Amino acid sequence: MKKINPIPEILGETTDVESWLIRAGLRFSDLGDDAASIAIRKQWREYQAAVQRCCATLHQPPSRVQLSGDYANLRIPGSGLTNCAIACRVVPSP
């Protein structure tokens, strides 16, 4: 998979798969049927579940929350850990 320039600092979470992939310098078109692509798709589902739980817990939209702790690894495709306790926080206003 060819990488583009990743975004250095990420504030808030997303429900858009393209935005999430850009964090790792990837595009949706980079994904195929190989093991890495399958793992990234699985991580996307885990990430989305974590974001939904975090939003429900904090009563905030995805752009106003940030996964932290062990779940912060799900924020960037390819760096995810599974079976971690969720931790999240509200992103400070600019």
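The structure this text deals with has already been given above.
Residues numbered from 1 in each chain as written. Predicted model: local features only at pLDDT ≥ 70, side-chain atom pairs only at ≥ 80, totals over all residues. Heavy atoms only, no water.

Where do I start with the overall build of the protein chain in this structure?
Across its full length, the protein chain carries two helices and two strands. Reading the secondary structure of the protein chain in the N-to-C direction produces α-α-β-β. By residue count, 33% of the 94 residues in the protein chain fall in the buried class. Long-range pairs, those at least 24 residues apart, make up 57% of the contacts in the protein chain between residues at least 6 apart in sequence. (Helix = DSSP H or I, 4+ residues; strand = E, 2+ residues; numbered from the N terminus. Buried < 20%, exposed > 50% of the residue type's maximum accessible area, 1.4 Å probe, protein only. Contact = heavy atoms within 4.5 Å.)

Help me understand the side chain of arginine 75, please; the structure alone is not making it clear to me.
With respect to the helices, strands and loops of the structure, arginine 75 is situated in the loop between β1 (65-68) and β2 (87-90). Under the relative-accessibility criterion, arginine 75 is labelled buried at 8%.

Mind showing me how you'd approach helix α2 (residues 35-58) here?
What sets the pattern is the α-helix's 3.6 residues per turn: residues three or four places apart point alike. Taking 1.5 Å of rise per residue, the 24 residues of α2 would be expected to cover 34 Å, and the 34 Å separating its terminal C-alpha atoms lies within 8% of that figure. Taken together, the buried positions of α2 are occupied by Ser37, Ile40, Gln43, Trp44, Glu46, Tyr47, Gln48, Ala50, Val51, Cys54 and Cys55. Where α2 begins, the side chain of aspartate 34 points an oxygen toward the backbone nitrogen of alanine 36, at a separation of 3.3 Å. With its phi angle positive at about 55°, histidine 59 sits one or two positions after the end of α2. (Expected span 1.5 Å × (residues − 1). Polar contact = N/O pair within 3.5 Å; in protein donor to acceptor, adjacent residues only side chain to side chain.)

In this structure, what is going on with the state of the cysteines? I would like to understand it.
In a disulfide, the sulfur atoms of two cysteines are held together by a covalent bond. Evaluation of the coordinates by the stated rule reveals zero disulfides. The structure places no disulfide on cysteine 55, whose sulfur is separated from the nearest cysteine sulfur, that of cysteine 54, by 5.9 Å. (Disulfide = S-S within 2.5 Å.)

Would you take a moment to explain the packing of aromatic side chains for this structure?
Two numbers describe a pair of aromatic rings. These are the distance of the centres and the angle of the planes. Taken as a whole, this structure holds three aromatic pairs when the rule is applied. What links up through ring pairs into an aromatic cluster is the set Trp20, Trp44 and Tyr47. (Phe/Tyr/Trp six-rings, centres within 6.5 Å; stacked < 30°, edge-to-face > 60°.)

Before we go on, may I ask you to explain unusual backbone geometry in this structure?
Residues other than glycine predominantly adopt negative phi, and peptide bonds predominantly adopt the trans conformation. Here the phi dihedral of histidine 59 falls at roughly 55°; this positive angle occurs in a residue that is not glycine. With respect to the element layout, histidine 59 can be found in the loop between α2 and β1. Among the residues examined, histidine 59 registers a relative accessible area of 70% and is labelled exposed.

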